[in-house]
Amino acid sequence: QAQLVESGGGLVQAGGSLRLSCAASGSIGSINTMGWYRQAPGAQRELVATITSGGSTKYADSVKGRFTISRDNAKNTVYLQMNSLKPEDTAVYYCNANIRPSFLFTYLDYWGQGTQVTVSS
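These lines cover the structure that appears in this document, whether it is placed above or below. (Residues numbered from 1 in each chain as written. Predicted model: local features only at pLDDT ≥ 70, side-chain atom pairs only at ≥ 80, totals over all residues. Heavy atoms only, no water.)

1. What about the packing of aromatic side chains?
Selection rule: In this analysis, rings of Phe, Tyr and Trp, with Trp reduced to its six-membered ring, are considered paired at centre separations within 6.5 Å, and the interplanar angle assigns stacked below 30 degrees, edge-to-face beyond 60, and tilted for intermediate values. Here a helix means four or more residues in a row that DSSP labels H or I, a strand means two or more in a row labelled E, and each is numbered from the N terminus. Sitting over a ring, as applied to charges here, requires NZ of Lys or CZ of Arg to be within 6 Å of the ring centre and within 35 degrees of the ring normal.
The tally for this structure, following the rule as stated, stands at 1 aromatic pair. Pairing Tyr 37 with Trp 111 gives two aromatic rings, centres 5.1 Å apart and planes at 65°, and the pair type is edge-to-face. In this pair, Tyr 37 is assigned in strand β4 (residues 28-39) and Trp 111 in strand β10 (residues 108-111), connecting sequence segments 74 residues apart. The ring of Tyr 79 is capped by Arg 19, whose NZ or CZ atom sits 4.1 Å from the centre of that ring. Of note, Arg 45 hangs over the ring of Tyr 94, and the distance from its end group to the ring centre comes to 3.7 Å.

2. Some details on the environment of Ala 24
Examined against the element boundaries, Ala 24 turns out to sit in strand β3 (residues 18-26). For the pair Ala 24 and Met 34, spaced 10 residues apart in sequence, the C-alpha to C-alpha distance is 9.9 Å.

3. Examining the pairing of strand β7 (residues 67-72)
The line we're drawing: Per-residue accessibility, obtained with a 1.4 Å probe over protein chains only, is compared with the maximum for each type, and a residue is labelled buried under 20%, exposed over 50%, and partly exposed between these values. Here, a strand pair is defined by DSSP locating no fewer than two bridges between the strands.
Burial of the side chains of β7 is restricted to one face: Phe 67, Ile 69 and Arg 71 are buried, whereas none of Thr 68, Ser 70 and Asp 72 on the reverse face is. Pairing between β7 and strand β8 (residues 77-82): 6 bridges, direction antiparallel. Each residue of the ladder has a partner; that of Asp 72, found in β8, is Thr 77. Two successive antiparallel strands, β7 and β8, enclose a turn made up of 4 residues, where Asn 76 displays a positive phi of approximately 55°.

4. Considering the sheet that holds β7
As a reminder, the rule being used: Each axis is a line fitted through C-alpha atoms, and for a helix only the stretch in contact is used; angles between axes span 0 to 180 degrees, taken between their N-to-C directions.
In space, the 4 strands of this open sheet follow the order β1-β3-β8-β7, with antiparallel pairing throughout. One side of each edge strand has no neighbouring strand; the edge strands of this open sheet are β1 (2-7) and β7. Each strand axis lies, on average, 15° off the axis of its neighbour in the sheet, ignoring direction.

5. Regarding the state of the cysteines
Put simply, the rule reads: A pair of cysteine sulfur atoms is labelled a disulfide when the two atoms are within 2.5 Å.
Enumeration according to the criterion identifies 1 disulfide in this entry. There is a disulfide in this structure between Cys 22 and Cys 95, and the S-S distance comes to 2.0 Å. Between Cys 22 and Cys 95, the disulfide has an S-S torsion of -80° and is therefore left-handed. With Cys 22 in strand β3 and Cys 95 in strand β9 (residues 91-101), this residue pair connects regions lying 73 residues apart in the sequence.

6. Some remarks on the pattern of salt bridges
Stated precisely, the cut-off is as follows: The term salt bridge refers to a pairing of a side-chain nitrogen on Lys or Arg with a carboxyl oxygen on Asp or Glu at a separation within 4 Å.
On inspection of all chains with the given rule, the structure shows 4 salt bridges. For the salt bridge of Arg 38 with Glu 46, the shortest nitrogen-to-oxygen distance reads 2.7 Å. Residue class for Arg 38 comes out buried when judged on its relative accessible area of 6%. A salt bridge links Asp 89 to Arg 38; the shortest N-O distance between them is 3.0 Å. A residue pair is termed long-range when its members are at least 10 positions apart, and Asp 89 in the loop between β8 and β9 and Arg 38 in strand β4 qualify at 51 residues. Overlapping salt bridges, with partners in common, bring together Arg 38, Glu 46, Arg 66 and Asp 89 in one network.

See the structure below:
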């Protein structure tokens, strides 16, 4: 099986920056799309940004121009650079990856454990 391990969350003042990382490990055959989602208290989980294996990206309107998603395919790692952070960005951020385990011919969705991002005003 595969697993995702996130790092980089924390507390930052409004206007500040944080960089999240998520590394996939385990029995990985190949990875398709990787992405970040977030869930604020009392809210549903929402898409933040995704990136395909070829580098095509998609962003939520609320983060366009402030967040940048990237990936290092050699390291099976996806990053989220978050700039100009706002209090409304406060949430638990989850990494997601569409992975084909080495012992399967199909892709499965995997989730990280989540990392807290808190932006103070």
